[in-house]
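Here's the letter readout for the chains.
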Amino acid sequence: MQTNFSPAQLADPDTAESNRILRTCVHCGMCTATCPTFLLLGDELDSPRGRIYLIKDMLEGGKPATEQVVRHVDRCLSCLSCMTTCPSGVNYMHLVDHARAYIDRTYERPRAERMLRRLLSFLLPHPARFRLALLGAWFARPFAGLVPGASPTAQRLRAMLRMAPASVPSPSDVERPRVHPAIGPRRGRVGILMGCAQQVLAPSINEATIRLLTRMGIEVVVTKDQGCCGALDHHMGHHDPAMRFARANIAAWSREIEGEGLDAIVINASGCGTTVKDYGFMFRGEPEAAQAAKVAGLAADISEVLTRFGYAPTREAPGLTVAYHAACSLQHGQKITAEPKALLKAAGFAVKEPAESHICCGSAGTYNLLQPEIAGRLKARKQDNIARTGAVLIASGNIGCLTQLGDGALPAVHTVELLDWMAGGPEPAAVARARAAA
Ligand code: SF4
Ligand code: SF4
């Protein structure tokens, strides 16, 4: 693609990078075939190619973002399906990240929208605040249907209340900063990202991860001063808070890397994994660049670490059929497709893949709160495809997808909880409930 940036514009490293990305696009349109929003809306401007043109015009013009650009970029899920499909290697992720930050700097959103985005940014990355908000939402949940109006704000408010879980688990003891020693001879030493929203919604995921790893002889270090990976703010275009979160994590893990050393930094929420693996790019040209690159290089999804250290079950096969839902951040963002399915099969589950497994479930970070209509259509489509597999439960590696899909007919459980169960851990509560009801 031809671009027309001035030398002054190209002096900005972010613009120079976007220019490089834009020039790799040959506008063949192959990416449109696998884009969920183009699939649903049929508008070229809601396809990757259409968005690339909009972003190019916005950046070249150097003017504030227009309402049209914002509408179509906001509808993008950042699912990165287009990157898997693109034959030219266009890095759409970095391009849209730059566009979102540019929009945040130059576009004045309507007041209600600004407040909602600020609220999400204030609550979600902070476990204590998020827990309190969920308790409040739990009380208001029965009244979700009474929120009047068809405005985007009313729709979003209803979506937020409906998504509040039926109960909020207590904080888990495993998440406090400490070293969880290996059981038996030590075979490895890893750091772990405790995450933010996940530890509030499903602390059982971190519990299962630590239990399984330590049982496999791997010491697990929960470092002090780590927090949200920054993805929630990053995807809303909030550059500075995202960098603050990432910087704190880089400092926390670097202390361990330079101290006793780490074999990996385990991440069990694939949305976070995609961001941490990108820290090297995010911090290019910053004083922490080398440390960030090291952290990014050590970051590994739990399925990669379990494969590397040789996961083996200890229980008899449970005779259950699992629908494996590939989170976009895992399959498109990190290109991890085989490991989770192989691990589930090794654990004794029959694994089915739903049709359209490359298409997003609509969760996408805060997308299901900010774009509830599109997210709801993608969710229904995904749940239908999963139901057709005949599976009795859903396994996935990302808390966003589990929350999005778990209110349907089938329980949705993190892959690591199933693997831990088959290696001596407790039966996941959602599976036990479903089996008791069957
Ligand atoms: S598939 Fe790649 S090269 Fe083709 S239009 Fe899409 S982004 Fe551009
Ligand atoms: S990231 Fe997903 S929604 Fe956005 S343009 Fe690419 S395929 Fe479409």
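Quick notes on the rules
- Residues numbered from 1 in each chain as written.
- Chains lettered and ligands numbered in written order.
- Predicted model: local features only at pLDDT ≥ 70, side-chain atom pairs only at ≥ 80, totals over all residues.
- Buried ≥ 20, exposed ≤ 12 C-beta atoms within 10 Å, placed from the backbone.
- Helix = DSSP H or I, 4+ residues; strand = E, 2+ residues; numbered from the N terminus.
- Pairing = 2+ DSSP bridges.
- Right-handed = clockwise from strand over helix to strand, strands pointing away.
- Near = placed C-beta within 6 Å.
- Nonpolar A, V, L, I, M, F, W, Y, C, P; charged D, E, K, R; others polar.

**Student:** Honestly, the pairing of strand β8 (residues 393–396) in this entry has me stumped. Any pointers?
**Tutor:** Regular strands show a simple pattern: their side chains alternate between the two faces of the sheet. Residues Leu-393 and Ala-395 of β8 are buried on one face, and the alternating residues Ile-394 and Ser-396, pointing to the opposite face, are buried as well. Pairing of strand β6 (residues 321–324) with β8 involves 3 bridges; the strand directions are parallel. When the sheet's bridge partners are listed, Val-322 is paired in β8 with Leu-393. With 3 bridges joining them, β8 and strand β9 (residues 412–414) adopt parallel strand pairing. Paired with Ile-394 across the bridge in β9 is Ala-412. Regarding topology, helix α23 (residues 399–405) serves as the crossover connection from β8 to the parallel β9, and that connection is right-handed.

**Student:** Would you take a moment to explain the site of ligand 2 for this structure?
**Tutor:** Looking at ligand 2, there are 13 residues lining it, with Cys-35, Pro-48, Cys-76, Cys-79 and Cys-82 nearest. At the level of elements, α3 (36–41), α4 (48–61) and α6 (81–85) are the ones that each hand at least two residues to the shell around ligand 2. Looking at the shell around ligand 2 residue by residue, the classes come out as 9 nonpolar, 3 polar and 1 charged.

**Student:** Is there a simple way to explain the site of ligand 1 in this structure?
**Tutor:** Neighbouring ligand 1 are 15 residues; Cys-25, Cys-28, Cys-31, Cys-86 and Ser-88 lie closest to it. Elements with a minimum of two residues in the shell around ligand 1: α4 and α6. For the shell around ligand 1, the element with the most residues is α4, which contributes 3 residues. Broken down by class, the residue content of the shell around ligand 1 amounts to 10 nonpolar, 4 polar and 1 charged.

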